[in-house]
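What follows is the residue order along each chain.
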Number of protein chains: 2
Amino acid sequence: MSLFKRYLPILTWGASYTRDTATNDLVAAVIVTIMLIPQSLAYALLAGLPPEIGLYASILPLVAYALFGTSRALAVGPVAVVSLMTASAVGELAAQGTAEYLGAAIALAFLSGLMLVLMGVFRLGFLANLLSHPVISGFITASGIIIAASQLKHIFGIPSGGHNLYEIVVSVASHLGETNLITLAIGIVATAFLFWVRKGLKPFLVARGLRPRLADILAKAGPVGAVAVTTLVAAAFSLGDKGVRLVGDIPAGLPTPTLPPFDADLWLQLAGPALLISVIGFVESVSVAQTLAAKKRQRIVPDQELIGLGASNIAAAVSGGYPVTGGFARSVVNFDAGAETPAAGAYTAVGIALATLFLTPLLTNLPQATLAATIIVAVLSLVDLGALKRTFLYSRSDFAAMAATILVTLGFGVETGVVTGVVLSIALYLYRTSRPHMAVVGIVPGTEHFRNIKRHVVVTGSKVLTVRVDESLYFANSRYLEDRIYELVAERPEIEHVVLMCPAVNEIDASAFESLEEINRRLSDSGVKFHLSEVKGPVMDRLERTDFLHHLSGRVFLTQYQALCALDPHTAHVSEARTPKKSAHSDVWAGPEI
Amino acid sequence: MSLFKRYLPILTWGASYTRDTATNDLVAAVIVTIMLIPQSLAYALLAGLPPEIGLYASILPLVAYALFGTSRALAVGPVAVVSLMTASAVGELAAQGTAEYLGAAIALAFLSGLMLVLMGVFRLGFLANLLSHPVISGFITASGIIIAASQLKHIFGIPSGGHNLYEIVVSVASHLGETNLITLAIGIVATAFLFWVRKGLKPFLVARGLRPRLADILAKAGPVGAVAVTTLVAAAFSLGDKGVRLVGDIPAGLPTPTLPPFDADLWLQLAGPALLISVIGFVESVSVAQTLAAKKRQRIVPDQELIGLGASNIAAAVSGGYPVTGGFARSVVNFDAGAETPAAGAYTAVGIALATLFLTPLLTNLPQATLAATIIVAVLSLVDLGALKRTFLYSRSDFAAMAATILVTLGFGVETGVVTGVVLSIALYLYRTSRPHMAVVGIVPGTEHFRNIKRHVVVTGSKVLTVRVDESLYFANSRYLEDRIYELVAERPEIEHVVLMCPAVNEIDASAFESLEEINRRLSDSGVKFHLSEVKGPVMDRLERTDFLHHLSGRVFLTQYQALCALDPHTAHVSEARTPKKSAHSDVWAGPEI
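Residues numbered from 1 in each chain as written. Chains lettered and ligands numbered in written order. Predicted model: local features only at pLDDT ≥ 70, side-chain atom pairs only at ≥ 80, totals over all residues. Heavy atoms only, no water.

The name given to chain A in an unreviewed UniProt entry is Sulfate transporter, permease protein, putative, with the source organism recorded as Polymorphum gilvum. The heading Subcellular location (unreviewed entry) in the UniProt record of chain A holds the text "Membrane". (UniProt positions renumbered as here; feature names shortened; annotations may be inferred.)

A. Summary view of the pairing of strand S7 (residues 529–533) of chain B. Residue and element names in this part refer to chain B. Extensive coverage of S7 is indicated by the burial of 4 of its 5 residues. Summarising the sheet, strand S6 (residues 497–501) and S7 pair through 5 bridges and their orientation is parallel. Directly across from Val 499, in S7, lies its bridge partner His 531. Taken together, S6, helix H23 (residues 510–525) and S7 form a β-α-β motif whose crossover is right-handed. Both S7 and strand S8 (residues 556–557) contribute to a ladder of 2 bridges, which runs parallel. Its bridge partner lying in S8, Leu 532 is registered against Val 556. (Buried < 20%, exposed > 50% of the residue type's maximum accessible area, 1.4 Å probe, protein only. Helix = DSSP H or I, 4+ residues; strand = E, 2+ residues; numbered from the N terminus. Pairing = 2+ DSSP bridges. Right-handed = clockwise from strand over helix to strand, strands pointing away.)

B. Local environment of the sheet that holds strand S5 (residues 464–469) of chain A. All names here are of chain A. Sheet architecture is open: 6 strands sit in the order S4-S3-S5-S6-S7-S8, paired in mixed fashion. Strands at the two margins of the open sheet, each flanked by one partner only, are strand S4 (450–452) and strand S8 (556–557). Lying over the sheet, helix H21 (residues 475–491) contacts strand S3 (438–443), S5 and strand S6 (497–501), oriented at roughly 45° with respect to S3. Those strands touched by helix H22 (residues 510–525) are S6 and strand S7 (529–533), and its axis lies near 140° from that of S7. (Contact = heavy atoms within 4.5 Å. Axes fitted to C-alpha atoms, helices over the stretch in contact; angles between N-to-C directions.)

C. Main features of a positive patch on the surface. Together, Arg 72, Arg 211, Arg 213 and Lys 296 of chain A make up a region of like positive charge exposed at the surface. Checked against the element boundaries, Arg 211 of chain A lands in the loop between helix H10 (181–207) and helix H11 (212–220). (Patch = residues over 30% accessible without salt bridge, like charges linked within 9 Å, V, L, I, M, F, W, Y side chains within 5 Å. Areas by Shrake-Rupley, 256 points an atom, 1.4 Å probe, with all protein chains shown as cover. Salt bridge = Lys/Arg side-chain N within 4 Å of Asp/Glu carboxyl O. Lys, Arg positive; Asp, Glu negative; His and termini not counted. Charge placed at Lys NZ, Arg CZ, Asp CG, Glu CD.)

D. How the structure looks around the relation of the copies chain A and chain B. Mapping chain A onto chain B calls for a screw motion: a turn of 180° about the axis and a shift of 0.0 Å along it, with 0.1 Å RMSD after fitting. Overall, the copies show the geometry of a two-fold rotation axis. Considering only C-alpha atoms, the part of chain A nearest the rotation axis is Ala 504 of chain A, at 2.6 Å. Mapped onto chain B, 100% of the interface residues of chain A again fall at the interface, so both copies present the same surface. (Least-squares fit on C-alpha atoms with pLDDT ≥ 70 in both.)

E. Main features of the pairing of strand S5 (residues 464–469) of chain B. All names here are of chain B. With 6 of 6 residues buried, S5 is to be regarded as a mostly interior element. Residues Val 464, Thr 466 and Arg 468 of S5 are buried on one face, and the alternating residues Leu 465, Val 467 and Val 469, pointing to the opposite face, are buried as well. With 3 bridges connecting them, strand S3 (residues 438–443) and S5 associate as antiparallel partners. Its bridge partner being in S5, Ala 439 is matched across the sheet by Arg 468. Handedness of the crossover is the feature at issue here: the chain leaves S5, passes through helix H22 (residues 475–491), returns alongside S6, and the resulting connection is right-handed.

F. Looking closely at the UniProt feature "domain: STAS" (unreviewed entry) in chain A. The sites that carry the UniProt feature "domain: STAS" (unreviewed entry) are, in the present numbering, residues 464–567 of chain A. Secondary structure over residues 464–567 of chain A splits into 51% helix and 17% strand, and the C-alpha atoms at its two ends are 7 Å apart.

G. Representation of the interface of chain A and chain B. The interface of chain A with chain B comprises 81 residues on the first partner and 81 residues on the second. Summed over the shared surface of chain A and chain B, the number is 2 salt bridges. Glu 507 of chain A is paired through a salt bridge with Arg 432 of chain B; the nearest N and O atoms lie 2.9 Å apart. Taken together, the connections running from chain A to chain B amount to 27 residue pairs in polar contact (both at pLDDT 80 or more). (Polar contact = N/O pair within 3.5 Å; in protein donor to acceptor, adjacent residues only side chain to side chain.)

H. Just the environment of Val 423 of chain B, in detail. On the secondary structure map, Val 423 of chain B appears in helix H21 (residues 414–434). With 68 residues separating them in the primary sequence, Val 423 of chain B and Ala 355 of chain B have C-alpha atoms 44 Å apart.

I. The packing of aromatic side chains, seen in detail. Scanning all chains against the criterion turns up 25 aromatic pairs over all chains. For the ring pair Tyr 429 of chain A and Phe 475 of chain B, a centre distance of 6.2 Å and an interplane angle of 80° mean the geometry is edge-to-face. Residue Tyr 429 of chain A is found in helix H20 (residues 414–434), and its partner Phe 475 of chain B is found in helix H22; the two belong to separate chains. As far as burial versus exposure is concerned, Tyr 429 of chain A and Phe 475 of chain B are alike and both buried. Plain terms: the ring middles of Phe 392 of chain B and Phe 399 of chain B are 4.9 Å apart, the flat faces sit at 80° to each other, and that makes the pair edge-to-face. (Phe/Tyr/Trp six-rings, centres within 6.5 Å; stacked < 30°, edge-to-face > 60°.)

J. Representation of H11 of chain A. All of the buried residues along H11 of chain A are Ala 215, Ile 217 and Ala 219 of chain A. Those residues of H11 of chain A that are buried are in contact with helix H3 (19–46), H10 and helix H12 (222–236) of chain A.

K. Geometry of the pattern of salt bridges. Residue and element names in this part refer to chain A. Scanning the entire structure with this criterion turns up 18 salt bridges over all chains. Residue Asp 470 is joined to Arg 468 by a salt bridge in which the shortest nitrogen-to-oxygen separation is 2.9 Å. Here Arg 468 falls in the buried class, since its relative accessible area comes to 2%. The partner of Glu 482 in a salt bridge is Arg 522, with the nearest N and O atoms 3.9 Å apart.

L. Region of the structure containing the packing of helix H11 (residues 181–207) of chain B against helix H18 (residues 368–380) of chain B. Residue and element names in this part refer to chain B. Packing of H11 against H18 leaves a shortest axis separation of 8 Å and a crossing angle of 35°. Once H11 is placed against H18, the crossing between them reads as right-handed. Where H11 approaches H18, its residues Thr 183, Ile 186, Gly 187, Ala 190, Thr 191, Leu 194, Phe 195 and Arg 198 are matched on the opposing element by Ala 369, Thr 370, Ala 373, Thr 374, Val 377, Ala 378 and Leu 380. A breakdown of the residues in the contact of H11 with H18 according to their chemical character gives 9 nonpolar, 5 polar and 1 charged. (Left-handed = near helix turned anticlockwise from the far one by under 90°. Nonpolar A, V, L, I, M, F, W, Y, C, P; charged D, E, K, R; others polar.)

M. Region of the structure containing the sheet that holds S7 of chain B. Residues and elements named next belong to chain B. Reading across the sheet, the 6 strands line up as S4-S3-S5-S6-S7-S8 and stay open at both edges, with mixed pairing between neighbours. Of all the strands in the sheet, just strand S4 (450–452) and S8 have a single pairing partner and so form its edges. Strand contacts of H22: S3, S5 and S6, with the helix running at about 45° to S3, the strand carrying the most contacts. Against the sheet, H23 contacts S6 and S7, and its axis sits at roughly 140° relative to S7.

N. Representation of the packing of H3 of chain A against helix H15 (residues 328–336) of chain A. Residues and elements named next belong to chain A. Packing of H3 against H15 brings their axes to within 9 Å, and their N-to-C directions diverge by 170°. The orientation of H3 with respect to H15, classified from their angle, is roughly antiparallel. The segment H3 lies against H15, with Ala 28, Ile 31, Val 32, Met 35, Leu 36, Gln 39 and Tyr 43 engaging Ala 329, Arg 330, Val 333 and Asn 334. Here the residues of the contact of H3 with H15 are counted per class, giving 8 nonpolar, 2 polar and 1 charged. (Parallel < 35°, antiparallel > 145°, perpendicular 65-115°, else oblique.)

O. Geometry of the side chain of Thr 325 of chain A. Residues and elements named next belong to chain A. Of note, Thr 325 is situated in strand S2 (residues 325–327). Among the polar contacts listed, one links the side chain of Thr 325 to the backbone oxygen of Gly 281, at a separation of 2.9 Å. Other than its neighbours up to four places away in sequence, Thr 325 contacts Ala 75, Val 76, Gly 77, Val 79, Val 82, Gly 281, Phe 282, Ser 285 and Leu 309.

P. Structural view of helix H26 (residues 560–567) of chain B. Every buried residue of H26 of chain B is listed here: Gln 560, Tyr 561, Ala 563, Leu 564 and Leu 567 of chain B. Along the axis of H26 of chain B, the buried residues cluster in a sector spanning 160°; they form a single face. (Arc of directions from axis to C-beta.)

Shown next as structure tokens:
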């Protein structure tokens, strides 16, 4: 594939772009535009930015993704979690409403874009793998709770602050006396309406004869209805004069080209948050894109997705926007509405640009409480506490990582939360593999199979100790391997041979290799021969590159049965003479049981 | 075992302590004492501390280890690498020679002792496993080079400084004009003599009829000879007046009980270095102790060793010493000299206490150049550049970690070096396992074995795709697994069944489990059934706790052969009809080759 084609997927899909495709893309774009207008205003509010910044982040970034992205249905733009992370990162460096705050948000988009592009070019997408599913799920749940709590102030129409759940709740509680009742009424009605739209509108419309797909798309447009109605009400009754906070004047017109502030100190402070935003945005975006691509047996290219999202963020930065990524709900709507190529995103950009030019005066009287209601309803669908229970049932260790991520995110904020989750996942994984399952095995009578002596009726001799290790051998478990073998040998003074059975050993790294040499040396010193059996091809290739096999006091056997026949023919003979015990032979699972 | 017996190993070995054992321990103690006196002075110099601190660190800590340690031959006290790390950690907080510097060194010993004890009580010894062999080896090599370079100033008799190799070498070079020629002469002669003692004295003595073991021990006492001769020469010619730097007056008498400075800020700053010193000291110490224990088929208890070393460091702190651990050369001498129990260490402590009381006046005229020569000769034996080549041949990835550890340690100091090594080892391990080896397999004709289609002559059908994955499935590789499977399916539009063959899968964590669910869902969406085969017992147990097996579009097969017979009887039949190809059947290694 040419370099152009690799880095510009538009050359691939653009070549076969037809009038029919264009029509489908246009229809999807209209629907997504209607959905995106209130979302982009609301998420800008969540990020602590003026509403127009949300619109700006929904124009050029969409065009950039259409050029560089590989997903045919992903709808890029401001999203809830990334907006929260932006507010958290930028909020530490500048006060909301200042030019510095906006500058830092733009710099964050630029840095994040740069990182994504570099990760794509150097194919570092695997970094995203460090975020385990439970950590992501926990992080999203906790972010959803924090976001919903942070919007309460708009619903009540009170001033409030706080960086973690506790502070937010305390701050809201202490200001409750200042509640603006009209704002609260709008907030509650809008929230209730939007919940009903989400759950009840579609069945309602279907029952009245609408096609389900159309009913679904109409239901997704609910926020626009709420925006229109509350804006009209606010304008009609001049609610702005009665203490209801409105969006206010939004500068009309397209964004002017900007450059992010080039300030080494600022960039250094934003580097960590930018990396987290990049990785989390990428993970969320890629998982939606993959799900949608799979439905049509299409494929996305993760490394090129990094470049697509990176280009979007750089485009956001140079047009006065803030960090963006692929949105979940929005992409599903785009897909369901029939989008066939990334061109749909470009058409959406045109839609938002038109809105920015002509619609902004209509939004002056839009109550902030309506936007807050939009956010609350959207993010509460991200909260999945049931995942805690499912994960608990499946794996205690994953549950620990998930619970820690949720608690630390709620208690100490998004960055600390996600870093804690990642570090804990890695630590728990290393801990688990540092104590691999090892079993002393014996032969199942009448067969050539070897099984754990603690679980099965097997035959063993007194001179040969066979240990099976069920894990790759590497630095984190090499000392444990040594310890266990010395321990087993110390318990059995009559032992003359130790056989390490390696059918599940996919790798032996340099540390484990030295441990094997050490085991061989120490066992030799005390007159015990050390053998290996069932070593895998690639592992054996590597051992053969060293002189280990010359030092080895024993041998390497192709199968454990051959080892037994060579080292302890008596036991092999005894085993052969006995008919297999049904209980041992009729195991359901052939692999090595615990 | 009672709690007392668990935490006080002395109750176990003390119960059978005989007069013979005592004699053997005493002989070993005398020899180790003679070796330890110049070492403890020299390492205190290396740590930037007054010489008597080295002696203090060789009294109470040895008694503490005798009470709490499990190794019967480990000789605890000041060692080179830990002294260097102490100098590096404390040097950032205070100027050498000040009370703050000494106080910080004492606090470092206390903190490190506390951490070791806690790690022992909570059985956190596995933390030491994070230091892979190549990282330790690289770190020790680089530390040896830095230590040797740092002693050059004493050999030349010049002032000098620097925190990394480059700074040290530049600083020495810039001061060369101030060289004190008498000091240089002493330094060169002492160094040459000590090298000869190390390499040539033993053969020399053996050729003259001495028993090899005695010759060996005498050779180890070489530094005492160098100390005695140079001290006499310095005293006889009043070299102190001629610009030769001497050890000077050492306060006679036993250490007085001290308390480390309790200063929260200081402790916080020392916490990182203390952790590194604890872990590195523990790793070094345990590996010597294990080697020596294995020679007599004895065992040490790593978690109790943590408590033993922790108690030693706390003892060092309360008696005005600095961080200690088990020394390599010293422990080997102790073992070879016949030490049978930790009591030998307690007797050594008595020896050093007597030296502190009565010998210090004799050491006033000891030239610092002699101590520097002792250090240089001792640490250069730690430098093992050959390990770089061996590791390179065995594993590029381990080589990268080792080379990075050496370069960063030389260039940026010990703490940065070891942290870089650990992080890089973990990152490289995660990277390797994040792209596990996966092979499309087919049946070897005439057998029930399945092999990689790229490596072997095998039979495959067009409707069943069988993929074998050679790694546990966990968060770092679950997305890769998904990608690869979608890719393989996208390449084969005629596929109806995908079988994932799991004989090498030791674990499926929650992330990988969700990926399997997602693969199942997406394949179902496109009309492909998903099956598993050869799933291990423990992995299957866990899958059975979920409802995955109910959602699974396909089945779980005991063996891959059963899967083939059920899903594609035609191919199984074709395979059966053909005689096995010799090339495929006579593989040397039975495991799954690449």
